[in-house]
Amino acid sequence: MSHPITASENSVAVRVEKVVKTFPNGDTPTYALRDVSFTALAGQLTMIVGPSGCGKTTLLSVICGTMQTDSGRIEVFGQDIGGMSDAEVTAFRSRNVGFIFQQFNLIPTLTLAENASIPLILQGWPSRKAEEKAAAVLTELGLGTRIRSFPRQLSGGQQQRVAIARALVHDPRLIICDEPTASLDAKTGHHALELLKESACRPDRCVIVVTHDSRIFSFADWIAEMEDGRVVKSCPAAEYRHA
Amino acid sequence: MLRIALLMLFRDRAKYVMLVGGLTFCSLLMTQQTSVFCGIMLWTTATVRNIDAKVWVFDAKVEQVNEVIPLREIEVTRVRSVPGVEWAVPLYLGIEQARLGDGSFQNVQLTGLDTATFVGRPMEILKGRVEDLRLPDAVIIDQVGVEKYRKKGIKIDIGTSFEINDKRAEVVAICHENRSFLAQPYVFTTYDRALQFAKPQRKMLSCVLVEPKPGVSPQELAARISRVPGLRAFARDDLFWTTVRWYIKNTGIPISFGTVVIMGMIVGIAIAGQTFYLFILDNLRYLAALKAMGARMPILTAMVFLQSFSVGFVGFGIGVGLTTLFGLKVLKLETPPFFMPWQVPVAVAVIIMLICSFSALVGLRQIAKLEPAVVFK
Ligand SMILES: Nc1ncnc2c1ncn2[C@@H]1O[C@H](COP(=O)(O)OP(=O)(O)OP(=O)(O)O)[C@@H](O)[C@H]1O
Ligand SMILES: [Mg+2]
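Note that this is a predicted model, so its numbers are computed, not measured. (Residues numbered from 1 in each chain as written. Chains lettered and ligands numbered in written order. Predicted model: local features only at pLDDT ≥ 70, side-chain atom pairs only at ≥ 80, totals over all residues. Heavy atoms only, no water.)

K.L.:
Can you walk me through the overall build of chain A in this structure?
P.N.:
Across its full length, chain A carries seven helices and 10 strands. In terms of C-alpha radius of gyration, chain A reaches 18 Å, essentially the compact-globule figure of 18 Å for 243 residues. In terms of principal-axis extent, the alpha carbons of chain A reach across some 55 × 50 × 40 Å. Across the 243 residues in chain A, those meeting the buried criterion constitute 54%. (Helix = DSSP H or I, 4+ residues; strand = E, 2+ residues; numbered from the N terminus. Rg over C-alpha atoms; globule rule 2.2 N^0.38 Å. Buried < 20%, exposed > 50% of the residue type's maximum accessible area, 1.4 Å probe, protein only.)

K.L.:
Looking at this structure, I do not really get the overall build of chain B. What am I missing?
P.N.:
Regarding its fold elements, chain B presents 11 helices and 10 strands. Over its C-alpha trace chain B gives a radius of gyration of 29 Å, far above what one expects of a compact globule, namely 21 Å for 377 residues. Here the C-alpha coordinates of chain B stretch approximately 95 × 50 × 30 Å along the principal axes. Looking at chain B residue by residue over its 377 residues, the buried ones come to 53%. Look at the contacts in chain B between residues 6 or more apart in sequence, and 77% of them connect residues 24 or more apart. In the structure as shown, chain B presents an accessible area of about 17,100 Å², 63% of it carried by carbon and sulfur atoms. (Contact = heavy atoms within 4.5 Å. Areas by Shrake-Rupley, 256 points an atom, 1.4 Å probe, with all protein chains shown as cover.)

K.L.:
Can you help me understand the domain arrangement of chain B in this one?
P.N.:
Reports of interface size often rely on the accessible area that becomes lost once the parts have come together. Residues and elements named next belong to chain B. For chain B, the domain assignment lists domain 1 (2–43 + 252–376) and domain 2 (50–250). Relative placement of domain 1 and domain 2: their C-alpha centres are 47 Å apart. Of the residues lining the interface, nine residues belong to domain 1; the matching set on domain 2 comes to seven residues. Counting each side, the surface lost to burial between domain 1 and domain 2 is near 840 Å², with a carbon and sulfur contribution of 71%. There are zero salt bridges connecting domain 1 and domain 2. Applying the counting rule to domain 1 against domain 2 returns one residue pair in polar contact (both at pLDDT 80 or more). A per-class count over the side of domain 1 that touches domain 2 returns seven nonpolar, one polar and one charged. (Domains from an automatic or database assignment. Buried area = accessible area lost by both parts, 1.4 Å probe. Salt bridge = Lys/Arg side-chain N within 4 Å of Asp/Glu carboxyl O. Polar contact = N/O pair within 3.5 Å; in protein donor to acceptor, adjacent residues only side chain to side chain. Nonpolar A, V, L, I, M, F, W, Y, C, P; charged D, E, K, R; others polar.)

Below, the structure written as structure tokens:
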């Protein structure tokens, strides 16, 4: 029995092989990633969990190419990130990656529609069309009446929804979230994840969420646990909970 | 993204106003002070600009047009004998005392024109005729003088008489002249009569005005005449610039104006540079987010330059606009002097652009140093 390899359900979206990343720190470098191997599947929400300082953010950074590795190989949707030039990685990111940050990073002087339209504008869309599309996504996320508001007029949960809209507006195939609930209270965080799961998870898309908030583990399809620069456990979420 | 850059700038009201204000102040100070300086330089060269002659001959020790070292009358003949001279005529320049109807004294710039030809005659006659200088006691007085007397309640018109060094003078025409540094009224008369008005001295000739033969350039002729011992000749343009240079070198005027201009620059750099730097620092984490989301450095560079140049442009526009308004206002009053040659706004624009580029580069350095990974922090 053989399946044609497509970007359909459960194909490998992100493959990290034997990646080492150190930071210079006097004579003995800090090992942020020690020989990490890890895969994330399309169609799933993968969570990277672990104690503070274990290298979660570093792993995200090397996956999206904002940070270079010392050695090892990283493939995102079959493309070798390490083999690309700086400009190529940046262009790749603008087309294929959506970001959700812990601090939201919405530009305070731009309206919600303008904020959410930035990934499209970066791809060369005219601003009118980009804002229309952004407004449509914001409306889907329940912010239809606020598209001309500014971020400071919104609650934290609403701001995180704008950030989700911004991450989704250009239909990226990889969504990366670093501690998306850390600036939110438990209930709002729960809602944000619910919304993310509903709107972002699609068969051809891979969502990676870094967190140490165990209350949202239930939203994961797959969980990878890190410790001191290594992935020590990687399994379906159901198994993780039972372990 | 450029639109986004402008929105980020304009909507940050406080910093935008501060930036534009700083650059407005800076360009206003620089253009206004430089224009007043240029105006003063025009005042100091009023005589050169008022008297239309291609070559001017003075005593060899004269360094600028407002300095008079008298020559002997015979020098006119010596100048005429220099090859390339079409004609040469005498000119008398001197500060004399005029006594008004009410008995008060006023210094005037007395100009004696060659009696036969009136070479150096006023260029703009408002009333009367130059030819009437042939009448007895006749003089022409300029508008500055008429105004000065009018302020004292004395009306001067054709037919009015007054005294110069106790000798009777009668106004036959009124002219318009460029005003001089001390704003003394210009009084024109014939050379011969000027000598009668003036206090007698051994040498009375101030200067010889020369027309070169066709095909001989004024510079070339001036060089030839300067070779005659005891004489120094200038082409009109050279006399203008020599005089300006003399004032720049020998007076404190450029230093005081230069200080203000440099202060303006420093204030501009300090306010605009600082504020822009703060603006970039405030936005640094968003710029980092943009970098992570796929904005390449050339795009960010364009954004930052657009931001800094748009405040520069607006600040420059308002600053030069205000200077022009100031200029239009003071030109009517004639004090302080004001002259804005096109080089002044161009130079100020270049300086403002340099300030903006400098601020932008300082900001860009921060962005370039930025690891896109910091957005995850
Ligand atoms: N830019 C850097 N320079 C030097 N060391 C760094 C840098 N970034 C991370 N590190 C080090 O690498 C290790 C892993 O850091 P990382 O930020 O990936 O941890 P984390 O799992 O995301 O932690 P947290 O849960 O607190 O966010 C840490 O020891 C950290 O000190
Ligand atoms: Mg982290």
